[in-house]
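Letter by letter, the chains look like this.
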Amino acid sequence: MPAVARTLEAARLEALGCVRCALNLGRTQVVYGTGSPDADLLFVGEAPGRDEDLQGEPFVGRAGQLLTSILSEHGIARSDIYIANVLKCRPPNNRDPLPDEIEACRPWLAEQIERIDPLLIVTLGNFSTKLLLETSVGISKLHGKTYRFGERWLIPTFHPSAALRGGPNGSTTRDLRTDIAFAVDTIGRLRAQPQPTARPEPQRETERASSEGQLF
Ligand code: SF4
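Residues numbered from 1 in each chain as written. Predicted model: local features only at pLDDT ≥ 70, side-chain atom pairs only at ≥ 80, totals over all residues.

Peer 1: Help me understand the site of the ligand, please; the structure alone is not making it clear to me.
Peer 2: Near the ligand there are 15 residues, and of these C18, C21, K88, C89 and C105 occur at the shortest range. Element by element, the count of residues in the shell around the ligand is highest for helix α4 (residues 99–116), at four residues. Among the residues forming the shell around the ligand, the class breakdown is eleven nonpolar, one polar and three charged. (Near = placed C-beta within 6 Å. Helix = DSSP H or I, 4+ residues; strand = E, 2+ residues; numbered from the N terminus. Nonpolar A, V, L, I, M, F, W, Y, C, P; charged D, E, K, R; others polar.)

Peer 1: I'm lost on the packing of helix α1 (residues 8–15) against α4 in this one. Help?
Peer 2: In helix packing, the relevant descriptors are the interaxial angle and the interaxial distance, both defined with respect to the helix axes. Their axes nearest at 10 Å, the elements α1 and α4 cross at an angle of 165°. With respect to each other, α1 and α4 are oriented roughly antiparallel. Read as a crossing pair, α1 and α4 show a hand that is left-handed. In this structure, α1 uses L8, A11 and A15 to contact α4, whose residues at the interface are W108, E111, Q112, R115 and I116. Here the contact of α1 with α4 is composed, by residue class, of five nonpolar, one polar and two charged. (Axes fitted to C-alpha atoms, helices over the stretch in contact; angles between N-to-C directions. Parallel < 35°, antiparallel > 145°, perpendicular 65-115°, else oblique. Left-handed = near helix turned anticlockwise from the far one by under 90°. Contact = placed C-beta atoms within 7 Å.)

Peer 1: Would you mind showing me how to read the nonpolar core here?
Peer 2: A general trend in soluble globular proteins is that nonpolar side chains are found buried together. Formed by 53 residues in total, the largest nonpolar core has its most connected members in L42, V44, V86, L120, I121, V122 and L154. In terms of residue count, α4 provides more of this core than any other element does, seven residues in total. Residues contacting I121, with those up to four places away along its chain left out, are L42, V44, L132, F149, R152 and L154. (Core = buried A, V, L, I, M, F, W, Y, C linked by C-beta atoms within 7 Å. Buried ≥ 20, exposed ≤ 12 C-beta atoms within 10 Å, placed from the backbone.)

Peer 1: I would appreciate a short explanation of unusual backbone geometry in the present structure.
Peer 2: Generally, phi is negative for residues other than glycine and the peptide bonds are trans, each holding for most cases. You will see that F59, though not glycine, has its phi angle at about 55°, which is positive. The backbone of N93 shows a phi angle near 55°, a positive value even though the residue is not glycine. The residue N93 is located in the loop between β3 (82–85) and α4 in this model. The class of N93 is exposed, set by 7 C-beta atoms lying within 10 Å.

Rendered as structure tokens:
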């Protein structure tokens, strides 16, 4: 008898007890992800911060409020999408994720992508973009364009926390808004196409950040 794939909720419940890396020692709780398990649109950030660690939900601090606000301007509620991070536990003092932590945690993200099966992934910031596109190219060069990610599409943009800092003359904030508007337009066109055999070429330049294959 073929094995029955477990649900996203079953994976989440297992992740809540994860001790695969040392970040389990300092967390208040695992921040697995939130939103619709059938979402067409998946956002992937970096790691939980203090507010997320305390509340158990990603993107609930100031950066998350900015993201939620921008999405609501497009008529999109958080319950319409799914939001997750590369790391499910908060690094101490919000330091950058370490390579061994990313490696330990990436099966959880891989399973989320497989179970949710989104049409479009939006990576927020360098860590999720570099991980999923297998590239060392920075977000400043990659953002706002479409990339193939297996059978799916991926659009990188800046992390909302970088947008809160504004960037040169507020350009990061403007770019985040522009890129999310582009993602909303892209998901609308993807939904309008027959699935899964034909997915449209996005209107902007389509590039590959890395030359070969997919991550998972
Ligand atoms: S960061 Fe990921 S791999 Fe490390 S303990 Fe948390 S859930 Fe497990």
